[in-house]
Amino acid sequence: MSKLAGKVAIVTGASKGIGAGIAQALAADGASVVVNYASSKAGADAVVERIAKAGGKAIAVKADVSKADEAQALVDATVKEFGRLDVLVNNSGVYQFAPLEEITEEQFHRQFGINVLGLLLTTQAAAKHLGESGSVINIGSVVSHITPPGSAVYSGTKGAVDAITGVLSRELGPRGIRVNSINPGMVETEGAHDAGVIGSDFQDEVVGHTPLGRIGQPDDIARAVAFLASDDSRWLSGELVKAAGGYR
Ligand SMILES: NC(=O)c1ccc[n+]([C@@H]2O[C@H](COP(=O)([O-])OP(=O)(O)OC[C@H]3O[C@@H](n4cnc5c(N)ncnc54)[C@H](OP(=O)(O)O)[C@@H]3O)[C@@H](O)[C@H]2O)c1
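Residues numbered from 1 in each chain as written. Predicted model: local features only at pLDDT ≥ 70, side-chain atom pairs only at ≥ 80, totals over all residues.

## Digging into the packing of helix α3 (residues 68-82) against helix α4 (residues 105-127)
Turning to step 1, where the next piece is worked out: Following both chains from N to C, one finds α3 and α4 inclined at 45 degrees, their axes separated by 8 Å at the closest point. With respect to each other, α3 and α4 are oriented oblique. Of the two possible hands of crossing, α3 and α4 adopt the one that is right-handed. Each of Ala-68, Ala-71, Gln-72, Leu-74 and Val-75 in α3 lies in contact with α4, whose residues at this interface are Gly-118, Leu-121, Thr-122, Ala-125 and Ala-126. (Axes fitted to C-alpha atoms, helices over the stretch in contact; angles between N-to-C directions. Helix = DSSP H or I, 4+ residues; strand = E, 2+ residues; numbered from the N terminus. Parallel < 35°, antiparallel > 145°, perpendicular 65-115°, else oblique. Left-handed = near helix turned anticlockwise from the far one by under 90°. Contact = placed C-beta atoms within 7 Å.)

Take a look at the structure:
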């Protein structure tokens, strides 16, 4: 399939987890992909290698999206390598869970810095290059609606992502650029393992409320992102799409 042939995409935080799955899916659909990472060079290189082995095109670019100069450098490197930019997937994200009494300034600034400021800075840099039929896809989370206990900061960042998706769809729409969010439920990733949610009682509770009866895998999310990246979704903008097997 080549529904993204000729398109150039940046996927932030694509060295592992959901981002790696998205990078591979966009490349399989024909896009040239920039695999962004902050520290996991080996992971990003492995994703690039898998894409190349499957006949796709990709490069790895290091950038901490929460820093304006690095977000700008990520976009510059993309345009230098591939000559254009059509799709931005704002996937980079971190999550730390803590009840109210344990929230620290450091946790707050880290999560809002990457999940919210990083998304804004990367989109700001990318918007200068996105043209008619450009697509920005933000990775939110169902937590913005489910609001589980112990997630005030993380759910706060994803609530902000929902709102920003709406605002930017209005700001960029007149230029033909669409802005949507995919809001996953629980997905088995390196990050989810590290956070201790995989194999926890919380996972059992989520699966119990999920009509499709399991948690997600990165490729489940990647398929939905590939649709929003393509012109098949040309009349969708400002949408918050839950990708959670029916969990809501
Ligand atoms: N897993 C879930 O259950 C779930 C559910 C809903 C939503 N989400 C969202 O999905 C996204 C990906 O989550 P995941 O579970 O796949 O996480 P993950 O396995 O921990 O991967 C996170 C990715 O983000 C990158 N990253 C971290 N800080 C960065 C920074 N400052 N600049 C650029 N990249 C940075 C990491 O790169 P390095 O390794 O190089 O640092 C890594 O590639 C996040 O936005 C998360 O909130 C996840």
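## What about the pairing of strand β1 (residues 8-11)?
Turning to step 1, where the next piece is worked out: Judged by which residues are buried, β1 turns out to be covered on both faces: Val-8 and Ile-10 on one side and Ala-9 and Val-11 on the other are all buried.
Turning to step 2, where the next piece is worked out: As paired strands, β1 and strand β2 (residues 32-37) are joined by 4 bridges and run parallel to one another. Looking across to β2, one finds that Val-8 is bridged to Ser-32.
Turning to step 3, where the next piece is worked out: Regarding topology, helix α1 (residues 17-28) serves as the crossover connection from β1 to the parallel β2, and that connection is right-handed. (Buried ≥ 20, exposed ≤ 12 C-beta atoms within 10 Å, placed from the backbone. Pairing = 2+ DSSP bridges. Right-handed = clockwise from strand over helix to strand, strands pointing away.)

## Re the site of the ligand
Turning to step 1, where the next piece is worked out: Taken together, 33 residues are adjacent to the ligand, and Gly-13, Gly-17, Ser-40, Gly-93 and Gly-191 come closest.
Turning to step 2, where the next piece is worked out: Listed by contribution, the elements that provide at least two residues to the shell around the ligand are α1, β2, α4 and α7 (190-194).
Turning to step 3, where the next piece is worked out: Its residues assigned to classes, the shell around the ligand shows 13 nonpolar, 17 polar and 3 charged. (Near = placed C-beta within 6 Å. Nonpolar A, V, L, I, M, F, W, Y, C, P; charged D, E, K, R; others polar.)

## So, the nonpolar core
Turning to step 1, where the next piece is worked out: Grouped together as the largest cluster of nonpolar side chains are 68 residues, with contacts concentrated most on Ile-22, Ala-23, Leu-26, Val-33, Val-35 and Val-225.
Turning to step 2, where the next piece is worked out: Val-35 has contacts with Val-11, Ala-14, Ser-15, Ala-23, Ala-44, Val-47, Val-48, Ala-58, Ile-59 and Ala-60, leaving out every residue within four places of it along the chain. (Core = buried A, V, L, I, M, F, W, Y, C linked by C-beta atoms within 7 Å.)

## Some points on unusual backbone geometry
Turning to step 1, where the next piece is worked out: Positive phi, normally seen in glycine, also occurs at Ser-133, with a value near 70 degrees.
Turning to step 2, where the next piece is worked out: With respect to the helices, strands and loops of the structure, Ser-133 is situated in the loop between α4 and β5 (135-139).
Turning to step 3, where the next piece is worked out: Phi angles above zero are rare outside glycine, and Thr-147 is one such case at about 45 degrees.
Turning to step 4, where the next piece is worked out: When you line up the elements, Thr-147 lands in the loop between α5 (143-146) and α6 (152-172).

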